[in-house]
Amino acid sequence: RYLANKYNIEIAEEAPSAEMIEAQSNRESLFAMTEFAKNFFRDYLWNSEEGVAIGLSYFRERGFTDEIIRRFELGFAPDKWDGLTKAALDSGYTLEFLEKTGLTIINEQKQYDRFRGRVVFPISSLTGRVIAFGARILKTDPKSPKYLNSPETPVFEKKKVLYGLHQTARHIRSEDAAIIVEGYMDAVSLYQAGIKN
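Residues numbered from 1 in each chain as written. Predicted model: local features only at pLDDT ≥ 70, side-chain atom pairs only at ≥ 80, totals over all residues. Heavy atoms only, no water.

A.B. asks: Before we go on, may I ask you to explain the pairing of strand β5 (residues 130–137) in this structure?
C.D. replies: Along a regular strand, successive side chains alternate from one face of the sheet to the other. Counting buried positions along β5 yields 8 of 8 residues, so the element is predominantly enclosed. Sheet topology places strand β4 (residues 118–124) next to β5; 7 bridges connect them, and they run antiparallel. Residue pairing in the sheet places V119 in a bridge with R136 of β5. In this antiparallel pair of consecutive strands, β4 and β5, the connection spans 5 residues, and G128 shows a positive phi of 95°. (Buried < 20%, exposed > 50% of the residue type's maximum accessible area, 1.4 Å probe, protein only. Helix = DSSP H or I, 4+ residues; strand = E, 2+ residues; numbered from the N terminus. Pairing = 2+ DSSP bridges.)

Here it is in structure tokens:
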């Protein structure tokens, strides 16, 4: 379907069942939710006092250029309990899909953002759709992990995804080789240094 759509080729298909339509609708809602979150984190990085002072300055201190920060669509999650959740609900998104994407955690007492006060790395599918996030804490907190990742969802299976593959796939094909590194920062740093495969 992706290739057919890309090259304007019509595919003859059987009529989808009600279950197939519902499943596809749910997947599209998950993609819409992760796209909203990516834009929210990216805009917060560039346009908020906290994002610029903490997130953007961190990326720049690590040697990232503004161009590479934009290419990988890096962001910053506000250091608030419900910054993303409130913005998404105010924009008409539902709590159901915030929870299904793992962006919002819901328990008996409250609902709160999974990512707070962290720089954010959107994780994309090979076709470029945002499917999950990784986030790094910047302050020392022995109770919080250094890196926090999205849980597995209907659109994100960790074992089937490599961070940065969307940006590097054509370079891997042209080099006929792939260099696998451990972390998000490593992948972005190598790409910026001209090692794009």
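A.B. asks: What exactly am I supposed to notice about the nonpolar core here?
C.D. replies: The nonpolar side chains of soluble globular proteins are, as a tendency, buried together. Counting 45 residues, the largest nonpolar core has F41, F59, I69, L103 and Y163 as its most contacted members. Looking at which element gives the most residues to this core, the answer is helix α2 (residues 18–47), with 10 residues. Among all residues touching Y163, those that are not within four sequence positions of it are F72, L74, F121, P122, I123, Y184, A187 and V188. (Core = buried A, V, L, I, M, F, W, Y, C linked by side-chain atoms within 4.5 Å. Contact = heavy atoms within 4.5 Å.)

A.B. asks: Teacher, can you tell me more about the packing of α2 against helix α5 (residues 83–90) here?
C.D. replies: Each pair of packed helices can be described by the angle between their axes along with the distance between the axes. It is the contact of α2 with α5, at a shortest axis distance of 11 Å, that shows an interaxial angle of 120°. The angle between the axes of α2 and α5 places the two elements in the oblique class. In this structure, the crossing between α2 and α5 has a hand that is right-handed. Where α2 abuts α5, its residues M33, F36, A37, F40 and F41 lie against G83, L84, A87 and A88. (Axes fitted to C-alpha atoms, helices over the stretch in contact; angles between N-to-C directions. Parallel < 35°, antiparallel > 145°, perpendicular 65-115°, else oblique. Left-handed = near helix turned anticlockwise from the far one by under 90°.)

A.B. asks: How do you make sense of the pattern of salt bridges when you look at a structure like this?
C.D. replies: Side chains carrying opposite charge are able to pair once their charged atoms draw close together. Taken as a whole and assessed by the stated rule, the structure comprises 11 salt bridges. Between R42 and E73 there is a salt bridge; the shortest N-O distance is 3.7 Å. Placement of the pair is R42 in helix α2 and E73 in the loop between α4 (66–71) and β1 (75–77), with a sequence separation of 31 residues. What makes R42 partly exposed here is its relative accessible area of 24%. (Salt bridge = Lys/Arg side-chain N within 4 Å of Asp/Glu carboxyl O.)

These results come straight from atomic positions and should not be treated as a statement about function.
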